[in-house]
Amino acid sequence: MTPQPVDLLVVGAGPAGAAAAVHAARAGLDTLVVDRAAFPRDKCCGDGLTAMALRELERIGFSPEAAPSWQTVAAATVRSPSGREQTFPLPADGAYAAVARRTHLDAALVELARAAGARVADGCGLAGAAVADGGRTVTAAVEGLGAVTARWVVGADGMWSPLRKALGCDSPGYRGEWHAFRQYFRNVGPEATESMFVWFEADLLPAYAWSFPLPGGRANVGFGIRRDGRRRVGDMGRIWSDLLARPHLRRVLGPGAEPESPHRSWPIPARIGRVRITGPRTLFAGDAAAATDPMTGEGIGQALLTGRLAAEAVIAAAGGGNGNGDPGVAAAYERSVRRELAADDRLARALAAVLARPLTARAGLRAAGATDWTRRNFARWMFEDYPRAALATPRRWRAGLFSAPGAFGGLTLEPRAPDAPDP
């Protein structure tokens, strides 16, 4: 059978893959997206969306109305290791933070990719891949489709990327820098429906526990631990039971809160700049590029960003008519990822080390809440409204960097009716 030829094959239809597909298809590239899962599907996640993610979503024309569980967030309440709580309000001139179940968000992004002109074959996993035609293409074996030959490939197939393994670019034994634990609750109290909560528990540092609001009296509640040898992933169930019994968590969740579904856990890769992000005719994005904030574990914004950057590198090469094994595509992508994420990653790692000590964590949070000005600006910085290391990287300065309105033009959504539990 003759392989199907495409300009771009995207392996993985999560946020990174969907973003790459939208940008590429709109630029006129024949784009095919494949994913082993059938959408909608759940993805274990905190469901939080930072301003970085919101701006990337706005850039591709995403409508929050497409995600039934979408909820914008106006403030975050942070508890320090000493028990001091401080609320950090977000500006009211747009969306700076939001929450949406990945079941809904990812399915909406897949439909957006289809609307942009990409072909999406969900339920069709990658069975193998190899460089072909003297290094000018990659031929992939796709379940249900057969052979596909692509001029370029974007690997957005997760931390344990099958594409990486097929192309000999994987890191055997890698298990991520963090591990997170999530459970949905229903019938939560009013505090949990009105604000994000972040608890810096002294025995979890530098990680934290969270409660993120969802419509219909629901919340995404969870915590993370660092894989540093001090705590074992196998202990997370016991830690979770202990956390849920703590009075300040019970107060926020309310007396009627009850689990809506079983808890789930997942690893978080966070080593951008220390992992290979390109392979033969291939650019890795999202979790496949370990593009996660090492301080917060946030990865959706980074996934959308790296997906876009990968597409832009391919689009630039296609526009120049370069159909050969162009090393410039890989180099251009590596430069753009380094420019956008490397300095922020270094700063986040340094700050994670600071947060690992209760004394400095308390001092830092106290300073952030000292005045109205510090509270407003810390909230914008915390939610990645601008690059974390912006002050240290003048090359990224631009007009309105620290004063631009939020995403979606001041969007305000009406409260939604209770949404159905995830399947």
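In short, a report on the structure. (Residues numbered from 1 in each chain as written. Predicted model: local features only at pLDDT ≥ 70, side-chain atom pairs only at ≥ 80, totals over all residues. Heavy atoms only, no water.)

### Details of the sheet that holds strand β7 (residues 98–99)
Argument step 1. The antiparallel open sheet is built from three strands, whose spatial order is β3-β7-β4. The outermost strands of the open sheet, each flanked by one partner alone, are β3 (48–49) and β4 (71–72).
Argument step 2. Summarising the sheet, β4 and β7 pair through two bridges and their orientation is antiparallel. Bridge pairing links Gln71 to Val99 in β7. (Pairing = 2+ DSSP bridges. Helix = DSSP H or I, 4+ residues; strand = E, 2+ residues; numbered from the N terminus.)

### Points about the pattern of salt bridges
Argument step 1. Evaluated as defined, the whole model comprises 29 salt bridges.
Argument step 2. As a salt-bridge pair, Asp42 and Arg182 come within 3.0 Å of each other at their nearest N and O atoms. On the criterion of sequence distance, the pair formed by Asp42 in the loop between β2 (31–35) and β3 and Arg182 in strand β12 (residues 178–186) is long-range, its members being 140 residues apart.
Argument step 3. The closest approach of N and O atoms between Glu111 and Arg114, which form a salt bridge, is 2.6 Å. Here Glu111 pairs with Arg114, and both are found in helix α3 (residues 102–116), just three residues apart, close to one helical turn.
Argument step 4. Residues participating in the shared-partner salt-bridge network are Arg79, Glu85, Glu191 and Arg251. (Salt bridge = Lys/Arg side-chain N within 4 Å of Asp/Glu carboxyl O.)

### A short note on the environment of Val33
Argument step 1. By secondary structure assignment, the location of Val33 is in strand β2.
Argument step 2. By relative accessible area, Val33 is classed as buried at 2%.
Argument step 3. Counting along the chain gives 15 residues from Val33 to Ala18, while the straight-line C-alpha distance between them is 7.9 Å.
Argument step 4. Those residues in contact with Val33, other than ones at most four positions away along the chain, are Val10, Gly12, Ala13, Ala21, Ala118, Arg119, Val120 and Ala121. (Buried < 20%, exposed > 50% of the residue type's maximum accessible area, 1.4 Å probe, protein only. Contact = heavy atoms within 4.5 Å.)

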